[in-house]
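Observations on the three-dimensional arrangement
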Amino acid sequence: MKNRSLSSTTSYDATYKSLRLTQLIWASIITSFLSAIHRLLIGNYNQAAILCGSAIILVCSLWLIKKHHLQYATSLFLLVLTSTIGYFMFQKQGLRDEVIMAFPIVLLSAALLGNNRLFIAFFMIILFLLLANSIVNEIGLYTNEIAPITLNDGVVSITIFSLMAFCIWLTATDLQRLVVQLFRENQRVQKSKAEIEKLANLDFLTKLPNRMHAEACFYKALSKTMSNDTNVGVIFLDLDNFKAVNDGLGHQAGDMLLCALSRRIEKALGPKDVVCRFGGDEFLIILGEVNSLEQTLELAADLQLNISRPVFINDNHIETTSTAGVVLSPLQTDDFQQVIRYADIAMYECKKSSKGSVTAFTESMNDAVLARAELIKDIEKAIERHEFELYYQPKIDIRSKKISSAEALIRWNHPTKGMISPDDFIPVAETSGQIIQIGNWVIEEACKQCKLWIDMGYDKLVIAINLSPVQFQRSNVERQLSTAISCSGVPPTALEVELTESLFINDSEKLRKTLNSIREMGINLSIDDFGTGYSNLEYLKRFDVGTIKIDKSFISKLAEDEQDYAIVCAIIEMASKLDLKVVAEGVEVESIVGILSTLECQDGQGYFWSKPLPVKKFTTYLGKYYNAPCNP
Ligand code: C2E
Ligand code: CA
Ligand code: CA
């Protein structure tokens, strides 16, 4: 490719040079003939003969050009020109003769048509001629005629000037051609630049405008609404099960799905609307002219319906639902970054409450997000300032009525807001990852406290620690437990961990290993809020679970709700067959204790016996009921 372009440049160069040389030679031949005629007319036959001879040799140069001997032709032309000028210089007035004005033509021609070597050679020759003329005159070897200026001299000057003008004209046209070429080249560069810019604004995969370009699209649409009193509707749309498609069918199938859906959305939109690919499986749809939030919601719902139609990829029939958040601009905000934030918040809220549908942004959503951000900051400070405390709630053996164990429950004593319930900050700490630090502190603290109580003589007391699934995913719980055990000196059998069923949804090799090692340490595994989550009970045996805690929602209505009663009966029966211990949570009244007792549920936990208590109060409680039946 490179070679071809190089050779084409060379041939272009040769054609251009031979054309220019031909033009110059013809001009010189004509000039020589005209000058020869002039010389004949004034009776100067010698000079006329020289000029005619030059013209004839120049015709030979033309022949050389025809035979493609460009170099020879150029050299011959320059040689004829130089020698003719040299001859006339010596013949006439030497260095003072007007003929020497023609030397620049030689040099200009050499520079334009020849090469550096030729240029230097002729430059030297001219220098030599000038020097020679001055020397021979100086030493008296030869003396040039010095005559007054005549009309003849004028004719000679005009002839030389004409030839020089022609040479300059050729150079100028070449320069002009170069300028045109440069201009065209520049245009091509500009076009490529625009193309590159366009590509930078496009999403490579779907060919939709990308995130970078979305902002410009939004402001363009917004500026148009100013004149016609409408709004821009923005839909932030996120695919619900894209990850599953990607993981299950591969990235290529995922890419194909995104492209197919992009085309579908594009088709469904009007001429004033734009769809941009915002991120992995997120689309931003800018509706150019809408009247209300309701209308935007309707259009979003239509799009979602469209998206949910099956797509066929590699013989697979894929159905994708999507969740969307909607913002109306400029009514809700006219700032693009805010629009995106609001639409994202609305989408996120919608995903939490009704995945697969669409919600419009409301101020209260923003308040919730701001409150959450503040809470995260507060939790950070709480960790630094040790504002957390562990409370303990007893679990009672229903038959013997004695304390069997106690659950450690975290409390946050906020300096200005007072006690904050774990239900309010644990979910936030889970999403922010702060649960790792908090959870580790709970483990250490519970182990230390348990050891203290054992040392006080309550040696059969078991302390249950709540562990979040996030701790399993993002930290090494097994190591945290073993470190806390060795630091505190508590026997591992005095510990129990409460796990929620959601932990088993993402069953992985890592989880299996962790749970097995925890079990091997001698720590009992207990399943919290049993009955509310995952329905596949296979994990109960696989992980050697020791206890299940029936969720308090079933226990509280045990007396009046037949269904809850049936569920509790079934759970207790199943647990007995699997040899699992059952704990009933949220026992508030005596009548429930009675029912649980007849159903042969082993343990109960709830306000009926005691609320969660701070260490001091729980120590008193232990003193009172550790060895005696707990009769509130
Ligand atoms: P959970 O593990 O289900 O804890 C039991 C919750 O029920 C506790 O709420 C407890 O105070 C409450 N409770 C106990 N008896 C009764 C009763 O008779 N009636 C009613 N209505 N409620 C009763 P708490 O302490 O507010 O904790 C709420 C949740 O926060 C816990 O639910 C647990 O999921 C989480 N949590 C608490 N401490 C920790 C912790 O240290 N780590 C983790 N990861 N989560 C914790
Ligand atoms: Ca629990
Ligand atoms: Ca529970």
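As the structure is a prediction and not an experimental result, all values here were calculated from the model.

Take the coordination of the calcium ion (ligand 3) next. At this site the calcium ion (ligand 3) is bound by Asp528 (OD), Asp529 (OD), Glu585 (OE) and Glu585 (OE), with donor distances of 1.9 to 2.6 Å. Donor residues binding the calcium ion (ligand 3) come from one chain and are separated in sequence as D-D-x55-E. A separation of 4.1 Å is found between the calcium ion (ligand 3) and the calcium ion (ligand 2), which are bridged by Asp528. Of this pair, Asp528 sits in strand β13 (residues 524–530) while Glu585 is found in the loop between β15 (581–584) and α21 (590–598), placing the two residues 57 residues apart along the sequence. An identical accessibility class is assigned to Asp528 and Glu585; each is buried.

Further remarks concern the coordination of the calcium ion (ligand 2). Binding of the calcium ion (ligand 2) to the protein goes through Glu407 (OE), Asn466 (OD1), Glu498 (OE) and Asp528 (OD), at separations of 2.1 to 2.3 Å. Along the chain, the residues donating to the calcium ion (ligand 2) fall in the pattern E-x58-N-x31-E-x29-D. Taking the relative accessible area as the measure of exposure, Glu407 reaches 5% and is therefore buried. Accessibility expressed as a relative area gives 1% for Glu498, which makes it buried.

Now for helix α11 (residues 336–354). Between its first and last C-alpha atoms α11 spans 26 Å; for 19 residues at 1.5 Å apiece the expected length is 27 Å, and the two agree. When we look at burial in α11, the residues that qualify are Phe336, Val339, Ile340, Tyr342, Ala343, Ile345, Ala346, Met347 and Cys350. For α11, the secondary structure elements touched by its buried residues are α7 (211–228), β1 (231–239), β3 (282–290), β6 (322–329), β7 (358–360) and α12 (363–384). Structurally, the start of α11 carries an N-cap: the backbone nitrogen of Gln337 is 3.3 Å from a side-chain oxygen of Asp335.

What follows deals with the site of ligand 1. By nearness alone, 20 residues border ligand 1, and Gln393, Arg411, Asp528, Glu588 and Tyr607 come closest of all. Asp529 is positioned with one of its side-chain polar atoms (N or O) 3.3 Å from an oxygen atom of ligand 1. Relative to its unbound accessible area of 790 Å², ligand 1 is 85% covered by the protein chains. Element by element, the count of residues in the shell around ligand 1 is highest for strand β9 (residues 403–414), at 4 residues. Classifying every residue of the shell around ligand 1 gives 7 nonpolar, 5 polar and 8 charged.

Before going further, it helps to spend a moment on the state of the cysteines. Taken as a whole and assessed by the stated rule, the structure comprises 0 disulfides. For Cys52, which is in no disulfide, the shortest distance to another cysteine sulfur is to Cys60 and amounts to 14 Å. The class of Cys52 is partly exposed, set by a relative accessible area of 26%. Cysteine Cys487 remains unbridged, with the sulfur of Cys447 as its closest cysteine sulfur at 9.3 Å.

Burial analysis of β3 places 7 of its 9 residues in the buried class, the great majority of the element. Judged from the 7 bridges that link them, β1 and β3 form a sheet pairing that is antiparallel. Within β3, the residue paired with Leu237 across the bridge is Phe283. Relative to β3, strand β2 (residues 274–277) is paired through 4 bridges, and the arrangement is antiparallel. Note that in β3 the partner of Arg277 across the bridge is Phe283. The antiparallel hairpin formed by β2 and β3 contains 4 residues in its connecting segment.

Cut-off values and rules
Residues numbered from 1 in each chain as written. Chains lettered and ligands numbered in written order. Predicted model: local features only at pLDDT ≥ 70, side-chain atom pairs only at ≥ 80, totals over all residues. Heavy atoms only, no water. Donors = N, O, S within 2.8 Å, 3.2 Å for Na, K, Ca; no water. Helix = DSSP H or I, 4+ residues; strand = E, 2+ residues; numbered from the N terminus. Buried < 20%, exposed > 50% of the residue type's maximum accessible area, 1.4 Å probe, protein only. Expected span 1.5 Å × (residues − 1). Contact = heavy atoms within 4.5 Å. Polar contact = N/O pair within 3.5 Å; in protein donor to acceptor, adjacent residues only side chain to side chain. Near = heavy atom within 4 Å. Areas by Shrake-Rupley, 256 points an atom, 1.4 Å probe, with all protein chains shown as cover. Nonpolar A, V, L, I, M, F, W, Y, C, P; charged D, E, K, R; others polar. Disulfide = S-S within 2.5 Å. Pairing = 2+ DSSP bridges.

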